[in-house]
Amino acid sequence: MTMPHVGGPEQRNHSGESLVPGAKMGPNSIIQTVGALKEFYGTTKALEILKQGGKERLGLELPSEMTDQREFISLSQMLFRQLDIDPAMRILKRSGQRTAHYLLKNRIPKFAQVILHLLPRQLGLKLLLTAIGKNAWTFAGSGTYSFVLGKSPTITLQNCIGCLDIQASKPVCSYYAGTFETLLKNIIDTRIQVEEIKCQANGASACTFSVTFS
């Protein structure tokens with residue numbers, strides 16, 4: 001097994017500064033991660049994993065309001081500690097996909113999705129990524145979201161909370177890759193693929209995701 005190194009309970013950003021208590025993000029990151037865990041392992045085994053990882057309460061009650069980002073950070077770190085790196089990444093990617101489908105169904109108006117899909121691809125991509133940025137705090141917490149267009153579009157998360165205190169040999173922020181790819185596939189172009197090409201868990205200065213068209 002290829003296990004990542006996960007740091008201790010004191011959570012700091014990738015610059016070594018202590019996280020600001022109270023930084024909020026949407027509850028879907030937690031709701032959908034628990035849902036993905038149950039999807040992969042079944043309810044009984046998922047509850048056992050949560051209990052062993054000190055997250056038993058999430059098997060009993062999920063958040064319904066904006067939550068402290070440290071809850072998602074802690075849940076992600078628990079998965080990397082309890083499981084092999086690849087199963088943990090699969091769960092988190094599926095969580096990102098589930099989060100995106102929730103947004104498509106409940107948060108992004110259907111007419112806006114249709115209009116963005118009908119626009120020239122680069123324009124639609126620019127407008128969608130801009131709109132995502134306006135609500136970035138709901139998924140990035142205290143991290144900083146940005147993007148670059150052109151021939152090789154990229155999305156960047158500085159001080160990404162998806163890999164906080166994790167050291168691994170490959171990019172691990174599959175939650176965000178799954179979220180971004182599912183949104184872009186469903187709204188802009190089904191041929192879009194999103195892959196994390198740089199990760200702060202590997203020593204990069206920021207987590208960077210490439211947007212390509214197959």
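Scroll up a little and you will see the structure.
Below you will find a few notes about this structure. (Residues numbered from 1 in each chain as written. Predicted model: local features only at pLDDT ≥ 70, side-chain atom pairs only at ≥ 80, totals over all residues. Heavy atoms only, no water.)

Further remarks concern the overall build of the chain. A tally of regular secondary structure across the chain gives eight helices and eight strands. By the compact-globule yardstick of 17 Å for 214 residues, the chain fits well, its C-alpha radius of gyration being 17 Å. Taking the principal axes of the C-alpha coordinates as reference, the chain spans close to 50 × 35 × 35 Å. Each of the 214 residues in the chain was classed as buried or not, and the buried ones make up 48%. When the 24 positive and 16 negative side-chain charges of the chain are each reduced to one mean point, those points stand 7 Å apart. (Helix = DSSP H or I, 4+ residues; strand = E, 2+ residues; numbered from the N terminus. Rg over C-alpha atoms; globule rule 2.2 N^0.38 Å. Buried < 20%, exposed > 50% of the residue type's maximum accessible area, 1.4 Å probe, protein only. Lys, Arg positive; Asp, Glu negative; His and termini not counted. Charge placed at Lys NZ, Arg CZ, Asp CG, Glu CD.)

This paragraph deals with the packing of helix 2 (residues 43-52) against helix 3 (residues 69-82). Direction vectors running N to C along helix 2 and helix 3 enclose 100°, while the axes themselves pass 10 Å from each other. One way to sum up the angle between helix 2 and helix 3 is to call them roughly perpendicular. Contact residues: I49, L50 and Q52 in helix 2; L75, M78 and Q82 in helix 3. A per-class count over the contact of helix 2 with helix 3 returns four nonpolar, two polar and no charged. (Axes fitted to C-alpha atoms, helices over the stretch in contact; angles between N-to-C directions. Parallel < 35°, antiparallel > 145°, perpendicular 65-115°, else oblique. Contact = heavy atoms within 4.5 Å. Nonpolar A, V, L, I, M, F, W, Y, C, P; charged D, E, K, R; others polar.)

Relative to the helices and strands, K55 is located in the loop between helix 2 and strand 3 (67-68). Polar side-chain contacts of K55 include one of 2.5 Å to the side chain of S74. Residues within four places of K55 in sequence aside, it is in contact with L50, E71, S74, L75 and M78. (Polar contact = N/O pair within 3.5 Å; in protein donor to acceptor, adjacent residues only side chain to side chain.)

Our focus in this paragraph is helix 1 (residues 28-41). Spanning 14 residues, helix 1 covers 19 Å between terminal C-alpha atoms, matching the ideal 20 Å at 1.5 Å per step. Those residues of helix 1 that fall on the buried side of the exposure criterion are N28, S29, I30, Q32, T33, V34, G35, A36 and L37. Looking at the buried positions of helix 1, the neighbouring elements they touch are strand 2 (24-25), helix 2, strand 3, helix 3, helix 4 (85-106) and helix 8 (174-187). With its phi angle positive at about 85°, G42 sits one or two positions after the end of helix 1. (Expected span 1.5 Å × (residues − 1).)

What follows concerns the sheet that holds strand 5 (residues 154-158). Pairing is antiparallel in the open sheet, where four strands are placed in the order 4-5-8-7. In the strand order of this sheet, the two ends are held by strand 4 (144-148) and strand 7 (192-198), each with one partner. When the angles between neighbouring strand axes are averaged without regard to direction, this sheet yields 20°. Strands in contact with helix 6 (residues 121-134) are strand 4, strand 5 and strand 8 (207-213); relative to strand 4, the strand with the most contacts, it is inclined by about 170°. (Pairing = 2+ DSSP bridges.)

Moving on: the packing of aromatic side chains. For the structure shown, the criterion picks out nine aromatic pairs. Relative to Y145, the ring of F139 has its centre 6.0 Å away and its plane inclined at 85°; by these criteria the two rings are edge-to-face. Members of the aromatic cluster, connected to one another through ring pairs, are F72, F139, Y145, F147, Y175, Y176, F180 and F209. When the ring centre of F213 is taken as reference, the NZ or CZ atom of R121 above it lies at 3.7 Å. (Phe/Tyr/Trp six-rings, centres within 6.5 Å; stacked < 30°, edge-to-face > 60°. Lys NZ or Arg CZ within 6 Å of the ring centre and 35° of its normal.)

What follows covers unusual backbone geometry. Phi at N159 is positive, roughly 55°, even though this residue is not glycine. Examined against the element boundaries, N159 turns out to sit in the loop between strand 5 and strand 6 (166-167). The class for N159 is buried, based on a relative accessible area of 17%. Its identity as a non-glycine residue notwithstanding, D165 has a phi of 60°, on the positive side. On the basis of relative accessible area, D165 is assigned to the partly exposed category, the value being 24%.

Attention now moves to the side chain of T67. Note that T67 resides in strand 3. Under the relative-accessibility criterion, T67 is labelled buried at 11%.

With that settled, consider the environment of Q122. Assignment of secondary structure puts Q122 in helix 6. Given the relative accessible area of 35%, Q122 is considered partly exposed. Considering only alpha carbons, one finds Q122 and I188, 66 residues apart in sequence, at a separation of 9.0 Å.

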